[in-house]
Amino acid sequence: MIQDILNLFKLKPEPIEYYQKYSIGLMLSVAVFISVAYGLLLPHPPEISLIAHFLLMLMIVPIVAIVTWFLVGLLKFKRKNITFQALFALSVLASMIDLVAIPLEFLSQFNGIFDYLSMAAFGYSLLVLLFSFVKATEVGAWFGVLSILLGAVVLTVLMVMISLVFIAIGLLPELVLPLA
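This text gives an overview of the structure that appears in the document. All figures in this text were calculated on a predicted structure; none of them were measured in a lab.

**Focus: the overall build of the protein**
Each helix and strand counted, the protein has eight helices and zero strands in total. Mapped from its N terminus to its C terminus, the protein presents α and β elements in the order α-α-α-α-α-α-α-α. The globule rule puts the C-alpha radius of gyration for 180 residues at 16 Å, and the 17 Å found for the protein is close to it. Overall, the protein is about 50 × 35 × 35 Å in size when its C-alpha atoms are taken along their principal axes. Buried positions account for 38% of the 180 residues belonging to the protein. When contacts within the protein are restricted to residue pairs at least 6 apart in sequence, long-range pairs at least 24 apart make up 68% of them. Accessible area for the protein stands at about 10500 Å²; split by element, carbon and sulfur atoms hold 74% of it. Separation between the mean location of the 8 positive side-chain charges and that of the 9 negative ones in the protein comes to 18 Å.

Take a look at the structure:
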């Protein structure tokens, strides 16, 4: 698995069928690990409790699964019969680079240069995801970009819905907009 992650970081993905070898259970475990690491190690705003922050990070796992199902559906327009298991494995393995953000976010408290490094790591993470998606599924670059953008819209809608639920049950403070 480590070699596959390194290959994705080097922008050398395998064909999508290759990632079928990883079970959904294993990939769910890795995704939960990433979410737990984010939830416990990233600094959070003082107005949000650690529990709420942790639960928000943990909600990323089902959201990534839903976005993956959405992308599998989009690939059917290109007559690609990609399995959820393979695309989910590719997505989770490609997102391992996001773990680099944890020490960068922590270090950004001490020096602003780490904010820029964190943004660069985020940009590289998007590049790895996009490039891996396009190459592994053998779709065109424009279709890949459009698919990832539509997936980002789905992700945003789901995150807003979850945030509203968390506000309704009292885990997040209500948003107050300035009147100017």
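**A look at the side chain of Ser 147**
Structurally, the position occupied by Ser 147 is in helix 8 (residues 141–168). Polar contacts involving the side chain of Ser 147 include one to the main-chain carbonyl oxygen of Phe 143, which spans 2.8 Å. The contact partners of Ser 147, leaving out residues within four places of it in the chain, are Leu 71, Leu 74 and Phe 133.

**Some details on the packing of helix 4 (residues 60–75) against helix 8**
Remark: helix 4 packs on helix 8, axes separated minimally by 9 Å, with the N-to-C direction vectors making an angle of 145 degrees. As for how helix 4 packs across helix 8, the hand of that crossing is right-handed. For the pair helix 4 and helix 8, the contacting residues are Ile 60, Ile 63, Ile 66, Val 67, Phe 70, Leu 71, Leu 74 and Leu 75 in the first and Phe 143, Ser 147, Ile 148, Leu 150, Gly 151, Val 154, Leu 155, Leu 158, Met 159 and Ile 162 in the second. Residues that form the contact of helix 4 with helix 8 fall into these classes: 16 nonpolar, two polar and no charged.

**What about the packing of aromatic side chains?**
Here the structure, examined in full by the defined rule, presents three aromatic pairs. With 5.3 Å between their ring centres and 90 degrees between their planes, Tyr 18 and Tyr 19 make a pair best called edge-to-face. Measuring from ring centre to ring centre gives 5.3 Å for Phe 84 and Phe 88, while their planes differ by 15 degrees; the resulting arrangement is stacked. Of this pair, Phe 84 and Phe 88 both sit in helix 5 (residues 84–94), four residues apart, which is roughly one turn of that helix. Here Phe 84 and Phe 88 have matching classes, each one buried. Aromatic ring contacts, followed pair by pair, group Trp 69, Phe 84 and Phe 88 into a single cluster. Note that Lys 78 overlies the ring of Phe 143, its terminal NZ or CZ placed 5.4 Å from the centroid.

Rules used in this analysis
- Counting from 1, residues in each chain are numbered in the order their sequence is written.
- Owing to the predicted nature of the model, reporting of local features is limited to residues with pLDDT of at least 70; listing and counting of side-chain atom pairs is limited to 80 or more, with chain, interface and lining totals taken over all residues.
- Side-chain metrics rest on all non-hydrogen atoms present in the structure, leaving aside hydrogens and water.
- The secondary structure listing takes helices from DSSP runs of H or I that are at least 4 residues long and strands from runs of E that are at least 2 residues long, numbered from the N terminus.
- Atoms counted for the radius of gyration: C-alpha only. Globule rule: 2.2 Å times residue count to the power 0.38.
- For every residue, the accessible area (1.4 Å probe, protein chains only) is compared with the maximum for its type, and the residue is labelled buried under 20%, exposed over 50%, or partly exposed between those bounds.
- The contact definition used throughout considers only heavy atoms, calling two residues in contact when any of these lie within 4.5 Å.
- In short, Shrake-Rupley with a 1.4 Å probe defines the accessible areas, and a residue's cover is counted only from the protein chains shown.
- Counting rule for charge: Lys and Arg are taken as positive, Asp and Glu as negative, and neither His nor the chain ends is counted.
- To locate a charge, take atom NZ for lysine, CZ for arginine, CG for aspartate or CD for glutamate.
- Think of a polar contact as two N or O atoms within 3.5 Å of one another; within protein, one of them needs to be a possible hydrogen donor and the other a possible acceptor, and neighboring residues in sequence only count if both atoms come from side chains.
- Helix axes are fitted only over the stretch in contact, all axes being lines through C-alpha atoms; the angle between N-to-C directions runs from 0 to 180 degrees.
- Handedness of a helix crossing follows the sense of rotation of the near helix relative to the far helix, less than a right angle counterclockwise being left-handed and clockwise being right-handed.
- Each residue is assigned to one class: nonpolar for Ala, Val, Leu, Ile, Met, Phe, Trp, Tyr, Cys and Pro, charged for Asp, Glu, Lys and Arg, and polar for all the others, Gly among them.
- Each Phe, Tyr or Trp ring, with Trp reduced to its six-membered ring, pairs with another whose centre is within 6.5 Å; inter-plane angles below 30 degrees give stacked pairs, above 60 give edge-to-face pairs, and intermediate values give tilted ones.
- A positively charged side chain is recorded as over a ring if its NZ (Lys) or CZ (Arg) lies within 6 Å of the ring centre. The angle to the ring normal must also be within 35 degrees.

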